[in-house]
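Inside the fold
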Amino acid sequence: MFSKLDRYKSHALARRHSSGGKVTVDSRVLDNSYGGAGASPTDSPSVAIIRIAGTSGEEDSLFYQPDTPQNLVFEEKEPDAIKGATLVKLVERLTNEKVSDTSFGADFLLTFRSFTNSRECLNLLIQRFRMPSPPGATYGQLQDWMKNVQRPIRIKIIGFIKSWLEKYPKDFTKDPDNGNKLHGFIAQDILSSSHQTPGEQLAKLLAKKMDDPSDKQNLALVFSEPPPKPMLPTFKKTSVQSAQLGFMDIPAEEIARQITLREFKMFEGIKPWEFFNQSWTKKDIQNTASPNIMKMIQQFNRVSQWVCTEILRAESLKTRIATLARCIELADELMQYNNLNGTLEIISGLQAASIYRLKQTWEGLSQKQRDTFEHLKELVARSQNYAKLRAHLRQCNPPMIPYLGIYLTDLIFVEEGNKDYLEGGLINWTKRRRLATIIKEVQTYQLKPYNLESVHFLQIFLDSTEPLSEEACYEMSLQREAKENASPASPSPPISLHNSSSSLPNPAENPAPGSPAPGSPATQPRTAASKALGFLMGKKNLNRADSTGQLPYVPTVTPVASAAAPAMEEPELAVEEEEFELQHRHGYKFYDKDSDSNILLERDGSSRIDIVIGATIPKLIERLTYEKYPDSSYVVSFLMTYPTFTTPLELLQLLIMRFHIPPPTSTASDLVERFQQKKERPIMLRVLNVCKMWVDRHFEDFKNDPELLSKFISFVENSMVKSILLSKAGTALRASITSKLENGTKKRGPSKIGGEPPKPLLPGNFENLLDLPALELARQLALKSWNLLEEISSREFILYTRNQGFELATSHDTKETAQNTQKSPHVSVIVSYFMSVRDWVISEIVKVGNKDERAKVLDHFITTVQHSLSLNDFYSSHAMIAGLESDIILGLKSTWMATPVTTTNSFGTFRTLFSSRDNFKSIRSKMNSIEPPCVPPIAVYLHDLAQIRETVSDNLEPSMFIHFSKRQRMASVVNLISNLTIQRYRLTEVEAAQNMLSSLPVLEYTEAKKISSENSRRDGDAQLEESWDDLFGKATQNSKVQRASTITALVNPALVRDLRAESTDSTGSQNSRGSSGSISKADQGMFGMRVSGSTEVHNAAGQEKTLKTKSSDNVNSGFVTANPSNMNRREAERRLHTARTLSIESASVKTLAVHLFLDDANFRTEFVRETQTKQKLDPDEALKNHFGGGEVSGLYYNDREGSVFGWQEEISAKVFKKSPNTFIAPVLSPTLQQIGKADLSLYLRAHKFLTEFYGQPTKLAILGVSIDESTLAILNKMGAVFVPVVTSSKTVTN
């Protein structure tokens, strides 16, 4: 009778074991079990009630909450369609046991990143899977629940995760914590449930994706027939000759094919999340958030400008007409291949001002060519929101490349017309569903590829085209045809974002929007490509000059909804403002209209939002609560920076005044209704939103000012809570204030993200921070730094006035001003801690007396920097590098010589990364690709803020407006910091380590300098005349892998000192001796001798012979050896090897080499062999010879952690660049030999690893003495290149 119950208990116990839960059985089961023999469990009053303990509370009740208007609302016209919901309710709907809605799952998978993240999503699915049984259920009810509720829910969860893994595996492969959590969930939950078979399939799928993390879908590449044969030029061209290939040499159809292939590759690479939040319009994130969309936009503009360039480069009218005709033919061919994007590229180029005005050229076209152009122009016209192009799109079958601008326009319309969240904070699911509908349509065209053959040299030709700038095109257009001939016979207006007119105006009389009038040569044109796609690049005011002083251009766009698009909340477009005459109220400050006397605006050509440059305080408040449209970025910037020009009390008073707007003078009911709808209610809502954001982001303003808090609460309770319109929202705001007063402000960083942190690496004897392994030290530093940064409010950065950016790494002034201590206490702390870490590094190194032990400490810190960078802790890394590159540490040259080669190589790389050269260019470039968790390089951003603060005035002259654009610039810098610190590190704090990091032992600068000088004196550093950069830095900066051998020789500085000490006794006193050989010019070249000065040696006949050598050595002028006859051969060889490795060319060293060469046949043979080998292995020269020139640099990586097996720890390679390709040539042991098939695996793994480290796509080049034919064939199929290592131009004579 108990078998089923016992099995369920065991299963539940096992299922809850990992979470600490336990199964308890109600005491009623102890009496009569199920009520006696023959009794049904459901009939018995003594029913076994299974309760799951240890998980009660929020987790148990998470998915048992009833549906209420506060967590779930439906569309009025579609009762089954969700309008808005909480995240929990969306997950509940996704896995609902009764509702089967596949489109909902697809939409959720596409859009969930716009309101949550993958970790939280997985966490909720796991909680849903582990949903406990209903409390108080009878045994029969429990069985029914397991069958009808639990099982369907779990099946849907497994199915959804399977789709998730198949379509977006990088959510797990790029986030190891998420991948590990999923793996644990499958192993502990799914496989231990009744769903073992799908669980095993899911485990295999996860393992497969982990091995091959590509989220690229396997396209159906098997075609029923071969691709059409390429239509090659009439004369054969090779990849080398392609640079001489001309546009007119290639058939238009084949150009269309090749353009289509490259654009489809870009198009199919677009990921769904690139379409969200209009990220392609935001300059600061567009290349990282929407990289493939940006590639399409850049391709569009490049091709359009290339069309203009090709036509204008034709000097004769006849050639120009032929080129124009070829371009029209190309546009038509692209349309035949359903490449609508490509067709628009060409048409946009033909409608650019520089081409549009060429009357004689247009007149030379045949009527057929004119008709083709007119047909294409009408088809792609933007009138009625591309109505004709949309209709044509629906008639086409894939493969196809649609015009991306259509969908981006639709997405902008949905984003602008619908809020992300409904009232009450519910996720606006209607908006997500509409976004998903648009994105899914794009995805349907990504599935089927083109059955065309790529022609390599034609692709190179397309890559190598160099379009002229718009200005250059227009100047050349004026040269080709004078201004009076600017009107074509059948002119066609350029594609613009405004509705096209049916008439065809003369451009000389009615220039197109954004185009210059022909009579205004100073006004330069902008191509139609810029007009057609420019707005997709950014919606902020692009009439503002950038850092280079150039004014980017974006035309005005008024999105028009597609006829097929569902109805949506349209944004309030300011068409014609209705003015309301307000009643007079004493002291009201918002009567004045916008004028030059109170506000300075910049008109944004791409949106309806005006950019505030400067204004009076009332006008700034007015724009903060503007009735016509909201501007959240303006609100964020204002609330962050307002203390720089006003007080919290004044701000509150003005907001209250703005909220209570006077009524209109007229009492007509229709006018009052319009006033309430268009002015009063929007203003009240804007004030509410500002107040809510003020409380959410800057509650410290109220916490530190009781008077402000009291007045604010009074305003909320008396004006908002009692308002019919805002009662609910006002009550929620009042509750938020109460919560913050009782519980404090929540710290940043999501705490709900699942996954176990890595176990700390603690040694058995832990008494000092340096006892910690470098990785654990880096972890603890990251935690310490992030905790310090977490305490800083955004406002503190704005109010911090100490100008330290470049100087922070070297300054020894730790004193803070009273203002900074009071207004920016936490910024002062993090600045001070930066200096403490820097000085701690210096102190720990210099206080070690023994040079070799000191070198170990140095190595430990550099390894810690490497781990810190891997953790994205740029703050601690920068502080440690600042200590390591201080003059105190760089002066310990013998210590550096005693460190491993990898240490100095890594340090050189890190120095370059944090160099302040070109305004921290290297680290800024690095930060563009960094994602949280992260501790950003605070010194860089403090420098930016200081530059803005010092170089831009607070007020605009002569109006003395508040210079708000300055505040916006400062706020944008702070937002960069905030965006990088939104996520907490998932690491375990070691209390002892954190305590030590809180009180770092540091020496005073003068004391550290004194100890360091004593160490240098004891180590004999004074005898090393070269600076640190001479010994290490130059090679590092040039990325020369060969520097490893130089530093290897420097490991024995005692030998160098001995040799230099002998120089005072032996200069010019070389004894002559008999020898059996002579020195030829080839032999001199083999020793690297350069002729100048003289030293005597003997030839075979015993006669004196003068060898010209360098009289003074510019590197090591004092390095002279002792008489070779007074030392044994081994000692002589040792000295010579050191001299040769150090590139020392003094006369005595050359003499020593000559004597050894002439005296010892074995030495001579060995030396020649060694020299020949070195000359043969010249990868730089080999690469340049093979490719016919190019740029070669070095790449080095220390695989100390064993990330890749199969080669040495120190991995080096050559990076070869020759436009448009970049090759990586790993330097491995097989490089010295013939390359065989067995070596390919090693090279492929090395190339993959080094490419990831390099950070850019590269091709593989394999260096070797020779290669067998079968291996070469495999390489060719892979697209790799074999480069034979050639002998140097120098000759060797035995």
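Scroll up a little and you will see the structure.
Notes on the structure follow.

Rules behind the numbers
- Residues numbered from 1 in each chain as written.
- Predicted model: local features only at pLDDT ≥ 70, side-chain atom pairs only at ≥ 80, totals over all residues.
- Heavy atoms only, no water.
- Helix = DSSP H or I, 4+ residues; strand = E, 2+ residues; numbered from the N terminus.
- Salt bridge = Lys/Arg side-chain N within 4 Å of Asp/Glu carboxyl O.
- Buried < 20%, exposed > 50% of the residue type's maximum accessible area, 1.4 Å probe, protein only.
- Pairing = 2+ DSSP bridges.
- Expected span 1.5 Å × (residues − 1).
- Polar contact = N/O pair within 3.5 Å; in protein donor to acceptor, adjacent residues only side chain to side chain.
- Core = buried A, V, L, I, M, F, W, Y, C linked by side-chain atoms within 4.5 Å.
- Contact = heavy atoms within 4.5 Å.

**Some points on the environment of Ile460**
With respect to the helices and strands, Ile460 occurs in helix H21 (residues 456–464). Taking the C-alpha atoms as reference, Ile460 lies 7.7 Å from Pro1220; in sequence the two are 760 residues apart.

**Observations concerning the pattern of salt bridges**
Evaluated as defined, the whole model comprises 43 salt bridges. With a closest N to O distance of 2.8 Å, Glu622 and Lys619 form a salt bridge. Note that Glu622 and Lys619 are positioned in helix H24 (residues 617–624) at a spacing of three residues, about one turn of the helix. The exposure class assigned to Lys619 is buried, which follows from its relative accessible area of 4%. Close ionic contact of Arg779 with Glu776 constitutes a salt bridge, the shortest N to O distance being 3.1 Å. Linking Arg779 with Glu776, this pair stays in helix H31 (residues 774–790), spanning three residues, or about one helical turn. Note on accessibility: Arg779 and Glu776 belong to one class, buried.

**A look at the pairing of strand S16 (residues 1259–1264)**
Taking burial as the measure, the six residues of S16 include five buried ones, the bulk of the element. Across two bridges, the pairing between strand S14 (residues 1221–1227) and S16 is parallel. Across the sheet, Ile1224 pairs through a bridge with Leu1260, a residue of S16. Alignment of S16 against strand S18 (residues 1281–1284), held across four bridges, turns out to be parallel. Looking at S18, one finds that Gly1264 is bridged to Pro1284.

**Quick look at helix H20 (residues 429–446)**
End to end, H20 covers 25 Å across 18 residues, agreeing with the expected 26 Å (1.5 Å per residue, within 8%). Burial in H20 covers these residues: Trp429, Thr430, Lys431, Arg432, Arg434, Leu435, Ala436, Ile438, Ile439, Val442, Tyr445 and Gln446. Where H20 begins, the capping side chain belongs to Asn428, and its oxygen is found 3.3 Å from the backbone nitrogen of Thr430.

**A closer look at the nonpolar core**
Formed by 122 residues in total, the largest nonpolar core has its most connected members in Phe108, Trp164 and Leu350. Take this core: its biggest share by element is 11 residues, from helix H12 (residues 291–313). Ignoring anything within four residues of it in the chain, the contact list for Leu350 reads Val307, Ile311, Leu324, Cys327, Ile328, Ile355, Tyr356, Trp362 and Phe373. Core analysis: the second largest hydrophobic core is formed by 80 residues, Leu781, Tyr833, Ile889 and Phe914 among them.

**A look at H21**
For H21, the set of buried residues is Phe457, Leu458, Gln459, Ile460, Phe461 and Leu462. Tucked inside the fold, the buried residues of H21 contact helix H10 (252–268) and H12.

**A few points about the side chain of Gln278**
Among the structural elements, Gln278 can be located in the loop between H10 and helix H11 (286–289). Since its relative accessible area comes to 7%, Gln278 is described here as buried. Side-chain polar atoms of Gln278 contact the side chain of Glu416, separated by 3.1 Å.

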